[in-house]
Amino acid sequence: MGSAFGCLPKEDSSGGMGSRSKRGSKSRSQRKMAASEEELLHRQALAMALQQHQLSQRFEGSMSRRIGSTSSRRRDLPDSITNGKQQPLLPENLETKKIILVHGEGFGAWCWYKIISLLEEVGLNPVALDLRGSGIDNTDPNSITTLADYSKPLTEYLHNLPDDEKVILVGHSCGGASISYAMECYPKKISKAVFLSATMVLDGQKPFDVLSEELASADVFLKESQFLVYGNGSDNPPTGLKFDKKHIRNVLYFNQSPPKDIALATVSMRTIPLEPIMEKLSLTPENYGMVRRFFIQTLDDRMLSPDVQEKLVRENPPHAIYKIKGSDHCPFFSKPQSLYKILLEIAQLP
């Protein structure tokens, strides 16, 4: 194969119009080459995703844990990785090794691929689910009108779980509403619930109430948002929400995530069903309140700011709070080792 530079025109030493024209042509060619390389990256993202993660990558994040909503005690979780791999000895008496990973709005089971690999490496049993209209579930997102319908893959999984089995639920972003709903329905089958920069709402609150701190009130948003989808026609209420991918890529979700994971998300994210995040949840102390809750804060999050996350845990105090420094809204991409170590510690709590 010949050199890519073999056919470049020789420089015109006269410095005339011909030289400038050739330089302009060269610049256009380079821009086309860059565009085509970016397109190739997008096409290959799904295939490259699993190869992208290397278990030898050293832990780069730092995190702290605060017990209770009012305690000021903090400690750094130790970095126990040796030779690039972490192989802790899990206690034999764990209440459960099964961790159910519930994605947030627009995502799917695919977003957890790094975390699945890390948890399986130490003998835990992670299960990533596609909520309805998400990932490879072929339901039209515009047809999903209730949180119960949207969360059905999760509640069906719990319904079919043997009565003597329990799981740990992990919900990301608006997936917090789905795990809250599941906690109300199946509290005896849930050992712990982890809210990952998530909509941890109160009884009578809507998931959108959390997002409105960053976006706008529901009324203003429904009138003015350019991201609404009208699946039943423009004369009917909006049915979905679809962020501009360029906006997501550069601003909201992925300000710290690797380019390959951003490309994966860009080609994989789907329309968000609107009605489930506009629905008020009914949560009771007898059911939802039975399950121990943990909240993981992401401190470089531009989608759900640290201030909003602090407000969530202040108004609805969980059992414990963890923080991941340098993480955007998607720590499963930007800080997978940090997230993994927190989940591992929570799984081992008695």
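A short tour of the structure in this document, coming up. (Residues numbered from 1 in each chain as written. Predicted model: local features only at pLDDT ≥ 70, side-chain atom pairs only at ≥ 80, totals over all residues. Heavy atoms only, no water.)

**Comments concerning the overall build of the chain**
Secondary structure assignment for the chain yields twelve helices and eleven strands. In the chain, which comprises 350 residues, the share counted as buried stands at 50%. Across the chain, contacts joining residues at least 24 apart in sequence account for 75% of those joining residues at least 6 apart. Surface summary for the chain: the accessible area is close to 17,200 Å², and the carbon and sulfur share equals 49%. (Helix = DSSP H or I, 4+ residues; strand = E, 2+ residues; numbered from the N terminus. Buried < 20%, exposed > 50% of the residue type's maximum accessible area, 1.4 Å probe, protein only. Contact = heavy atoms within 4.5 Å. Areas by Shrake-Rupley, 256 points an atom, 1.4 Å probe, with all protein chains shown as cover.)

**Description of the sheet that holds strand S7 (residues 228-229)**
Spatially, the three strands line up as an open sheet ordered S7-S8-S9, and their pairing is antiparallel. Of all the strands in the sheet, the pair left with one neighbour each is S7 and strand S9 (272-273). Note that S7 and strand S8 (residues 240-241) share two bridges and pair antiparallel. Bridge pairing links Leu 228 to Leu 241 in S8. (Pairing = 2+ DSSP bridges.)

**Quick word on the pattern of salt bridges**
Inspection of every chain in the model, using the stated rule, returns six salt bridges. When the shortest N-O distance is used, the salt bridge between Glu 165 and Lys 98 registers 3.6 Å. Of this pair, Glu 165 sits in the loop between helix H4 (152-160) and strand S5 (167-172) while Lys 98 sits in strand S3 (residues 98-102); the two residues are 67 residues apart in sequence, bridging distant segments of the chain. The exposure class of Glu 165 is partly exposed, given its relative accessible area of 29%. (Salt bridge = Lys/Arg side-chain N within 4 Å of Asp/Glu carboxyl O.)

**Regarding the side chain of Lys 98**
Among the residues examined, Lys 98 registers a relative accessible area of 17% and is labelled buried. Among the polar contacts listed, one links the side chain of Lys 98 to the side chain of Tyr 157, at a separation of 3.4 Å. Dropping the residues within four chain positions of it, Lys 98 is found in contact with Asn 125, Val 127, Tyr 157, Leu 161, Glu 165, Lys 166, Val 167 and Ile 168. (Polar contact = N/O pair within 3.5 Å; in protein donor to acceptor, adjacent residues only side chain to side chain.)

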